[in-house]
Amino acid sequence: MNTATLLQSSQRIAPATQHLMRWQEPLATRLRYGHNLPGQVANRLLNVELGLYLLAELLPMAPPEALPDLLNGRESAYLKRPVWTPKQHRYLSRCQLLLAPYKDRATWFNALAKYNTLPIGPRVFTLNANGVYRSGVDMYALHERLILFRRALM
């Protein structure tokens, strides 16, 4: 395969990867302006919450720090997982694309730390001292996010 063929195939793939992050809009814009969040903070907030949602769906007893292991398909959190449905396998596959940067443990831990410093208002989850997450918002906001996360993973 020559360089021209590689460039042509990468040009066909690029528009698909640009579309991956559109699942967040218009909620990210609404969060950004409604809670006065700077830059891409609302988008990152939704990425972290998608990761926490994935953990809750696939490994409900795992700590939030287990996401990189889940995305990479290794370590005890992944290896001792329960039997998943085809839908759950699709969720993991989709998140491996959407949350690819969080396959790196340091990146995920940094994102969790930043998420925990955000004001309670825009967040859906609260991380406590044990690392267990729980819902921290009203039912309407939680319902809206759950619908968003499910659509992103379909």
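Just so it is clear, the structure is predicted and the values come from calculations on it, not from any experiment.

Parameters and conventions
- Residues numbered from 1 in each chain as written.
- Predicted model: local features only at pLDDT ≥ 70, side-chain atom pairs only at ≥ 80, totals over all residues.
- Heavy atoms only, no water.
- Helix = DSSP H or I, 4+ residues; strand = E, 2+ residues; numbered from the N terminus.
- Expected span 1.5 Å × (residues − 1).
- Buried < 20%, exposed > 50% of the residue type's maximum accessible area, 1.4 Å probe, protein only.
- Axes fitted to C-alpha atoms, helices over the stretch in contact; angles between N-to-C directions.
- Contact = heavy atoms within 4.5 Å.
- Nonpolar A, V, L, I, M, F, W, Y, C, P; charged D, E, K, R; others polar.
- Phe/Tyr/Trp six-rings, centres within 6.5 Å; stacked < 30°, edge-to-face > 60°.
- Lys NZ or Arg CZ within 6 Å of the ring centre and 35° of its normal.
- pLDDT = per-residue confidence, 0-100.
- Salt bridge = Lys/Arg side-chain N within 4 Å of Asp/Glu carboxyl O.

Q: Pulling in residues and values, what's your account of helix H3 (residues 41-58)?
A: Spanning 18 residues, H3 covers 26 Å between terminal C-alpha atoms, matching the ideal 26 Å at 1.5 Å per step. Within H3, 15 of the 18 residues are buried, which leaves the element mostly enclosed by the surrounding structure.

Q: Go over the packing of helix H2 (residues 27-34) against helix H8 (residues 139-153) with me, naming the residues and quoting the values.
A: To describe two helices that pack against each other, one gives the angle between their axes and the distance between the axes. Where H2 meets H8, the axes come as close as 12 Å, and the angle between the chain directions of the two elements is 145°. Only Glu-144, Arg-145 and Leu-148 of H8 make contact with H2, whose side of the interface consists of Leu-27, Arg-30 and Leu-31. Taken together, the residues of the contact of H2 with H8 break down into three nonpolar, no polar and three charged.

Q: Hey, could you go over the packing of aromatic side chains for me, with residue numbers and the actual values?
A: This structure, assessed with the given rule, holds four aromatic pairs. Ring centres of Tyr-53 and Tyr-91 lie 6.4 Å apart, and the angle between their planes is 45°; on these two criteria the pair is classed as tilted. Of this pair, Tyr-53 sits in helix H3 while Tyr-91 is found in helix H6 (residues 86-98), placing the two residues 38 residues apart along the sequence. Judged by its relative accessible area of 3%, Tyr-53 is buried. Given a relative accessible area of 1%, Tyr-91 falls into the buried group. Look at Tyr-102 and Trp-108: their rings are 5.1 Å apart centre to centre, the planes differ by 65°, and that puts the pair in the edge-to-face class. Classification of Tyr-102 as buried rests on a relative accessible area of 8%. For Trp-108, a relative accessible area of 0% corresponds to the buried category. The rings of Trp-23, Tyr-53, Tyr-91 and Phe-149 are connected pair by pair, giving a single aromatic cluster. Taking NZ or CZ as reference, Arg-81 lies 5.0 Å from the ring centre of Trp-84, over its face.

Q: Summarise the confidence of the model for the protein chain; cite the residues concerned and give the values.
A: Predicted confidence across the protein chain gives a mean pLDDT of 81, with 82% of residues reaching 70 or more. Per-element confidence in the protein chain ranges from a low mean pLDDT of 42 for helix H1 (residues 3-19) to a high of 94 for helix H7 (residues 105-117). In this model, residues 1-17 is a region of pLDDT below 50 whose contacts with residues beyond four sequence positions or in other chains number one contact.

Q: Explain the pattern of salt bridges to me, and be specific about the residues and the numbers.
A: As enumerated under the stated definition, the model contains three salt bridges in all. Residue Arg-145 is joined to Glu-49 by a salt bridge in which the shortest nitrogen-to-oxygen separation is 2.6 Å. On the criterion of sequence distance, the pair formed by Arg-145 in helix H8 and Glu-49 in helix H3 is long-range, its members being 96 residues apart. Residue Glu-49 is classed as buried on the basis of its relative accessible area of 0%. Residue Arg-105 is joined to Asp-69 by a salt bridge in which the shortest nitrogen-to-oxygen separation is 3.0 Å. In this pair, Arg-105 is assigned in helix H7 and Asp-69 in helix H4 (residues 67-72), connecting sequence segments 36 residues apart. Exposure remark for Arg-105: the relative accessible area of 34% places this residue in the partly exposed category.

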